[in-house]
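# Understanding the architecture of this molecule
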Amino acid sequence: MMSNEPSATADEAEMLLFALERSRAQFAWKCGGLDETGLRRAQPPSTLTLGGLLKHMALVEELYTIDFSGKAPGPPLDTPEAATDLDWVWRSAAEDTAGYLYGLWQGAVEHSRRAMAEALADGGLDQPAKYRTDDEGVAPNLRRIVVDLHDEYARHVGHADLLREAVDGLVGEDPPLS
């Protein structure tokens with residue numbers, strides 16, 4: 001359990017943000033504290049790595065941040081290759097240092113948190129996304145964006161859990177309370 005659990009009567013925004021932050025904390029724990037060797041270790045036949053997951057989730061954070069802010073994305077989504085080569089983020093992570101990957105992901109999360117807080121203070125979850133639309137041109141509301149971002153973490157926390165156990169045996173559901 002996280003030390004900052006919401007109250008049993010928390011409102012919808014507080015609960016959604018808690019779920020997202022819990023998944024971010026689990027992801028950070030499963031990917032954290034490794035060197036380049038640990039971040040680059042795959043479990044064949046898959047080529048998925050913890051470093052690739054860190055870079056991918058930094059890209060995903062920036063992608064969803066556009067919906068909250070309406071502003072141009074930051075790294076790594078601002079890299080030309082990110083727009084033209086769908087495998088670039090996964091492949092290029094093998095060339096990055098651990099410090100770069102951790103900093104990239106942490107920076108994207110902070111950027112996302114700021115944009116999300118500003119958007120929620122200026123209209124809440126019901127307002128339309130500022131970038132994304134469906135095939136009919138309808139923008140989802142920000143509630144849907146938060147849920148989609150959380151779903152992306154939920155999917156990849158499972159991957160990170162398996163990869164990390166193979167690297168050094170780390171297991172568990174939640175990071176230790178700090």
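Sequence order as written defines residue numbering, which begins from 1 separately in each chain. Only residues with pLDDT of 70 or above have their local features reported here, since the model is predicted, and side-chain atom pairs are shown and tallied only from 80 upward, although totals for entire chains, interfaces and linings are computed over all residues. The side-chain values count all of the structure's non-hydrogen atoms but skip hydrogen atoms and water molecules.

## Focus on the environment of Thr 79
To keep it simple, the criterion reads: Going along the chain from the N terminus, every DSSP run of H or I of four or more residues is numbered as a helix, and every run of E of two or more is numbered as a strand.
Topologically, Thr 79 is positioned in the loop between helix H3 (50–69) and helix H4 (80–84). Remark: the alpha-carbon pair of Thr 79 and Leu 163, spanning 84 residues in sequence, is separated by 27 Å.

## Regarding helix H6 (residues 98–121)
Note the following rule: Helix span, expected: 1.5 Å multiplied by one less than the number of residues in the helix. Remark: exposure states derive from per-residue accessible area (1.4 Å probe, protein chains only) relative to the maximum for the residue type, with buried under 20%, exposed over 50%, and partly exposed in between. By definition in these notes, contact holds between two residues if any of their heavy atoms fall within 4.5 Å.
Compared with the 34 Å implied by 1.5 Å per residue over 24 residues, the 35 Å span of H6 between its first and last C-alpha is a close match. Taken together, the buried positions of H6 are occupied by Ala 98, Leu 101, Tyr 102, Leu 104, Trp 105, Ala 108, Val 109, Ser 112, Ala 115, Met 116, Ala 119 and Leu 120. Looking at the buried residues of H6, the elements they touch are helix H1 (12–31), helix H2 (36–40), H3 and helix H7 (142–168). Gly 123 sits one or two residues past H6 and shows a positive phi near 145°.

## With respect to the packing of H1 against H7
In helix packing, the relevant descriptors are the interaxial angle and the interaxial distance, both defined with respect to the helix axes. Put simply, the rule is: The axes are straight lines fitted to the C-alpha atoms, using for helices just the contacting stretch, and the angles between their N-to-C directions are given from 0 to 180°. Here is the rule for angles: anything less than 35 degrees is roughly parallel, anything more than 145 is roughly antiparallel, 65 through 115 is roughly perpendicular, and the remaining ranges are oblique. For a crossing to be left-handed, the near helix must be turned anticlockwise from the far one by less than a right angle; the clockwise case is right-handed. Each residue gets one label: Ala, Val, Leu, Ile, Met, Phe, Trp, Tyr, Cys and Pro are nonpolar, Asp, Glu, Lys and Arg are charged, and the others, such as Gly, are polar.
One can describe the packing of H1 onto H7 by two numbers: an axis separation of 9 Å at closest approach and a directional angle of 25°. Between H1 and H7, the crossing angle belongs to the class labelled roughly parallel. In the crossing of H1 with H7, the sense of the turn from one axis to the other is left-handed. Between H1 and H7, the residues in contact are Glu 12, Leu 16, Ala 19, Leu 20, Ser 23, Arg 24, Gln 26, Phe 27, Trp 29, Lys 30 and Cys 31 and Arg 143, Val 146, Val 147, Leu 149, His 150, Tyr 153, His 156, Val 157, Ala 160, Asp 161 and Arg 164, respectively. When its residues are assigned to classes, the contact of H1 with H7 shows 12 nonpolar, 4 polar and 6 charged.

## Considerations on the side chain of Lys 55
If you trace the backbone, Lys 55 turns up in helix H3. Residues within four places of Lys 55 in sequence aside, it is in contact with Pro 76, Trp 88, Val 89, Ser 92, Ala 93, Asp 96, Leu 101 and Leu 104.

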